[in-house]
Amino acid sequence: MSELRFHILGPTIASRAGRDLELGSPKQRTLLVALLLEPRRVLPMRRLLNLLWDDPPTSATANARTYAYGLRKALGPVLHARDGGYRLDVAPTDSDLGQFSAEVAAARLARSADDLSAAERHYEKALGMWRGACGEDLPADVPLQHQLVTITERRAVAMEEYADLRLRQGPDPRLPEELRQALADHPTREGLWALLMRALAAGGDTAGALEAYQRARTELAARLGVDPGAELVDLQRSILAREPAVVVASPSAPSRPVVPHELPARPPVFVGRDAAVAELLDAVADPGVRRYPVVLSIDGPGGIGKSTLAVELAHRISEHLRAEAGQADRQTDGEIYVDLHGGHSGLRPANPAEVLVRLLRSLGEPEPGREDLGGLSARWRSLTHDRRLLVVLDNVLDADQVRPLLPNGPGCTVVITSRPRLADLDVTARQTLSTLDIDTAVRLLKAHGEADDGALRQIAHLCGGLPLALRMAAARLASRTDLTVGDFALRLSDDRLRLSELGYRDTGVRATFRSSFVALAGSADPVDRDAAKLFSLLGLLPVSDCSAEIAYALADTAHADASVGRLVELHLVTSDNGRLRLHDLLRLFAREVADDLPTADTGPAIHRAAWCYAESARRAWLCVRPLAGRTLPPSPLTRATPADPRTRAQGVQWLAENSASMRELLFALPDLPSVPLSVGVEILRHLTSHDGLAGTFRDTVAVGGRVVALASTAGDPRAELVARRLLAINLQRLRRYPESQAEVRPAIALLPQVDDPVERITTLNTFGIFQTEWGDLDAAEQSLRAGLKLAREHDDPPWTSLLLHSLGMHQRVRGVLGESIELLREAYGIRQALADEVGQIYTRMQLGKALSAAGEVAEGLAHLDRALVAAERLNSAELAREIRIDRMEVLSRAGRIGEASGELRAALEVCRRLDDEALRAEVLREAQRLRVPA
């Protein structure tokens, strides 16, 4: 637990080390309470806005951010912006609500173990935490109040349990007055009235008990328009009859003339969801000991199999309940199924009042006439109070639609399915469904008919493990006897045909996706409309996944973060640690609907995303090597901002997480005319720089070739020079010398056409190093000295140190050791002054080899030791491998073969961690050359 403490069971208070904090305006406190109700969970901005305002104004998002800023100033770094929302990083028990819940749970556990004194202590402690109504100082008109009412109801439930516990231990003279005080706040709770009647009767006050019944009858009639339920009626009769068991008697069950059995037929094929079924079934406790209905929630994107799972689960629960009822010599009250149309395109989502009429009718109730939603919901709760009922509410739109439909009987079980996660609904257990793995998908296809495993695996892969797609594929195979499984797999592999092949008229994958998209695009909420547009643009962005700031750049609107949150909420986009991904079939659908966007929107959006990649990569690499960065074209962003890593570790992490996406973008660059070539070249530059740390040279070679070809076709000598140089660097790293030379020659021919001094210096340095490695020593020295002269003329320390380093390395190779050491020491001094950690490592490596070659073995090894320590601190396995090879060479030439063998083993272990057989073979070749035994 932290020093922060929160109190919301009454006026809202936050304190640190016992000192109250200033929490700001009522709306700001409302935001805090909303976050405290779900600690350590990200609340999307859209949901927060709907908790703060009935009708969020246009300034709502900006206001909410202001409130969050104010809370962060008061609370410190426990409040974080995450995934288009906010997360309060405090433990549940840091609030009195969390402590109350923990104490009540402990009381129930103690009671189930017959430790009544411990249970009583826990209940007393829990109820003593309440100082009033939950959040009573918050504005009365905020929608959050609806949630706070349910929390206050939990207090009443705990009071009932505590009072019942005390009554079972004998008459308690203090209890009637405590119950009267509770009823002042909860006058319609029949359970409290029953306890008051029992407490009075137990104390010998029969008249008082009967008077309490009359008061209960009056309150229920005045407030709800209903008569007392069976429990109160039976209790009154028992008191009139002066039955001795009245204090602990349980009410008898009313007659149930109608027992509905409305579940759809069980799915004929059900695979891949056994774990989800088992977890949800575990939550269905014995109704005989439950005090609340069990509510099970299943959510996930369209076509994921929510309804199929719900129906299968409901049948299993029904079997369990019937078996249990038979053992207890009683009956269940049946099963009700209702489709609320929250996930269907073209169908109006069901009105809760209409659904309640349908539910009441299923239990044999007469038509309610003109009763409003509140009255219908109250009748439903009264009717289900003591029933053992299973209710399936399929395709729920949101929590507001389903909340009035929940029964309140502890014997009831509710199964809910929805596309969005109903995070603001109290549930017993929930499951978010994901796609099926390939093996399970093949099993599902085989259940519809046997076929060749290879072709079925291809179909399963093209369906992306989406159950609806797999079922449509099986149906298409069954209906098209003229198609072999292989032919069908070939048709699915065509992106232009796939969605059509996985549907029929108005059903199938495309129709299912369209229902979610149309709901967004046709919404009156600007956040929804922006989310629909962003979804389309994400389909056009040629990357498998992207970080949030890239999505914000695509949208570049005031609602970008809320729009991302809405897409995640509806499962149109998945978010994994902040990285956004579209399912392959959703990506195809997004590209289709993007055709409706004007080119004036799509081209600039892709340009913004590419520029954001380039600028984010530039900033990330500056954290790794703080040298002068290249200038990008002017920013096309108006509201979004690039990533801005602040430390080296953050820079490396950003590059590692985004390298694959940047390669995908570069591979598609010829098909992205809106992206300036200069932006693509800058992305390639920083990818190549990162490759030197990560060892991912091969991954960038293919995309580098495409950028070279594009630059050559465009007739841009500077872009072509840079692209050829970067491609040659990675080819050289891979020891593919002929291919590297093939890039260098045309690049050298371009030098006279390029005026940029930095690019000329960089190219002379790079090619001088290559020429040294190729053995063309005179040409290498000429290139390097020309580059050093240019760097000194422009008084550029970073590039001067680079050329000094390269020329020092070259002179070591030539055997001019004195000048080599002198040049390297000067380079090292500049790099120290620049705080260039990576550069210092490389220069120490060369100094170590030069000093050792000059006979200063101890000093040379000391430099290599320090370089190795730094490389391991920076977590660069590739650098560590190179340094191990250098140490092996120095030790071998010094005759210290045993130590050299140790370095060989360490280098091979690095290759094993990198999972690179080519590097391992290279290390072994070097060891063989040096005659170091493996």
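These remarks concern the structure in this document. If you're wondering where the values come from, they're calculated on a predicted model, not measured in any experiment. (Residues numbered from 1 in each chain as written. Predicted model: local features only at pLDDT ≥ 70, side-chain atom pairs only at ≥ 80, totals over all residues. Heavy atoms only, no water.)

## Some points on the overall build of the protein chain
In terms of regular secondary structure, the protein chain is built from 40 helices and 16 strands. Expressed along its principal axes, the backbone C-alpha trace of the protein chain runs to roughly 115 × 75 × 55 Å. Evaluated residue by residue, the protein chain yields a buried proportion of 55% over its 934 residues. Within the protein chain, residue pairs in contact and separated by at least 24 positions form 68% of the contacts whose partners lie at least 6 positions apart. Total accessible area on the protein chain stands at roughly 39,900 Å², and carbon and sulfur atoms take up 51% of it. Taking the 115 positively charged and 126 negatively charged side chains of the protein chain as two groups, their mean positions are separated by 2 Å. (Helix = DSSP H or I, 4+ residues; strand = E, 2+ residues; numbered from the N terminus. Buried < 20%, exposed > 50% of the residue type's maximum accessible area, 1.4 Å probe, protein only. Contact = heavy atoms within 4.5 Å. Areas by Shrake-Rupley, 256 points an atom, 1.4 Å probe, with all protein chains shown as cover. Lys, Arg positive; Asp, Glu negative; His and termini not counted. Charge placed at Lys NZ, Arg CZ, Asp CG, Glu CD.)

## Things to note about the nonpolar core
Most often, soluble globular proteins have nonpolar side chains that are buried together. Counting residues in hydrophobic clusters, the biggest one holds 178 residues, and the most contacted among them are Leu296 and Phe535. By residue number, the principal contributor to this core is helix α26 (residues 599–624), which donates 12 residues. Those residues in contact with Phe535 that lie beyond four places of it in its chain are Phe517, Leu567, Leu572, Leu582, Leu586, Phe589, Ala590 and Val593. Among the nonpolar cores identified, the runner-up in size contains 80 residues, and Ala64, Leu79, Leu179 and Leu183 belong to it. (Core = buried A, V, L, I, M, F, W, Y, C linked by side-chain atoms within 4.5 Å.)

## Topic: the sheet that holds strand β7 (residues 294–299)
Spatially, the five strands line up as an open sheet ordered β8-β9-β10-β7-β11, and their pairing is parallel. Every interior strand has two partners, whereas the edge strands, β8 (335–339) and β11 (429–432), have only one. Ignoring which end each strand starts from, the neighbouring axes of this sheet average 10 degrees apart. Of the strand pairs in this sheet, β8 and strand β9 (residues 390–396) are connected by five bridges, and their pairing is parallel. Residue pairing across strands places Val338 opposite Leu393, the latter belonging to β9. In the packing of helix α13 (residues 352–362) onto the sheet, the strands contacted are β8 and β9, and the crossing angle to β8 comes to about 155 degrees. (Pairing = 2+ DSSP bridges. Axes fitted to C-alpha atoms, helices over the stretch in contact; angles between N-to-C directions.)

## Describing the side chain of Gln846
Turning to its location among the elements, Gln846 is positioned in helix α36 (residues 837–853). By relative accessible area, which is 9% here, Gln846 ends up buried. When neighbours within four sequence positions are excluded, Gln846 is seen to be in contact with His805, Met809, Arg812 and Leu824.

## Structural notes on the side chain of Thr417
Topologically, Thr417 is positioned in strand β10 (residues 413–418). Assessed through its relative accessible area of 0%, Thr417 is described here as buried. Within polar-contact distance, the side chain of Thr417 engages the side chain of Asp394 at 2.4 Å. (Polar contact = N/O pair within 3.5 Å; in protein donor to acceptor, adjacent residues only side chain to side chain.)

## Section: the environment of Glu822
With respect to the helices and strands, Glu822 occurs in helix α35 (residues 817–833). Given the relative accessible area of 59%, Glu822 is considered exposed. Sequence separation between Glu822 and Leu847 is 25 residues; the distance between their C-alpha atoms is 9.4 Å.

## Comments concerning helix α1 (residues 26–37)
In an α-helix, one turn spans 3.6 residues; hence positions three or four apart end up facing the same way. Taking 1.5 Å of rise per residue, 12 residues should cover 16 Å, and α1 covers 17 Å from first to last C-alpha, within 8% of that figure. Along α1, 11 of the 12 residues are buried, which leaves the element largely enclosed by surrounding structure. Buried within α1 are the following residues: Lys27, Gln28, Arg29, Thr30, Leu31, Leu32, Val33, Ala34, Leu35, Leu36 and Leu37. (Expected span 1.5 Å × (residues − 1).)

## Considering the environment of Ile897
Tracing the chain through its elements places Ile897 in helix α39 (residues 897–914). Between the alpha carbons of Ile897 and Arg931 there is a distance of 8.7 Å; along the sequence they are 34 residues apart. Not counting residues within four places of it along the chain, the set of residues in contact with Ile897 comprises Ser892 and Pro933.

## Digging into empty space enclosed by the protein
Counting across every chain of the model gives four cavities of 30 Å³ or more. Residue lining of the largest cavity: 13 residues in total, with Val271, Thr308, Leu444, Pro467 and Arg471 positioned closest to the centre. Of all the secondary-structure elements, those providing two or more residues to the lining of the largest cavity are α12 (306–327) and α18 (467–479). Looking at the lining of the largest cavity residue by residue, the class counts come to eight nonpolar, three polar and two charged. Taken as a whole, the second largest cavity holds about 50 Å³ of empty space. Contributions of two or more residues to the lining of the second largest cavity are made by β14 (545–547) and β16 (579–581). Of the residues that constitute the lining of the second largest cavity, the class distribution is seven nonpolar, one polar and three charged. (1 Å grid on protein atoms, 1.4 Å probe; cavity = no way out; pocket = protein on both sides within 12 Å on 5 of 7 lines; lining within 4 Å. Points joined across faces, edges and corners; volume = space filled by probe spheres on them. Nonpolar A, V, L, I, M, F, W, Y, C, P; charged D, E, K, R; others polar.)

## Here we look at the pattern of salt bridges
Counted according to the given criterion, the structure contains 67 salt bridges. Ionic pairing is found between Glu922 and Arg881, a salt bridge with its closest N-O pair at 3.5 Å. Of this pair, Glu922 sits in helix α40 (residues 917–930) while Arg881 sits in helix α38 (residues 877–893), and the two are 41 residues apart along the sequence. The class for Glu922 is buried, based on a relative accessible area of 15%. (Salt bridge = Lys/Arg side-chain N within 4 Å of Asp/Glu carboxyl O.)

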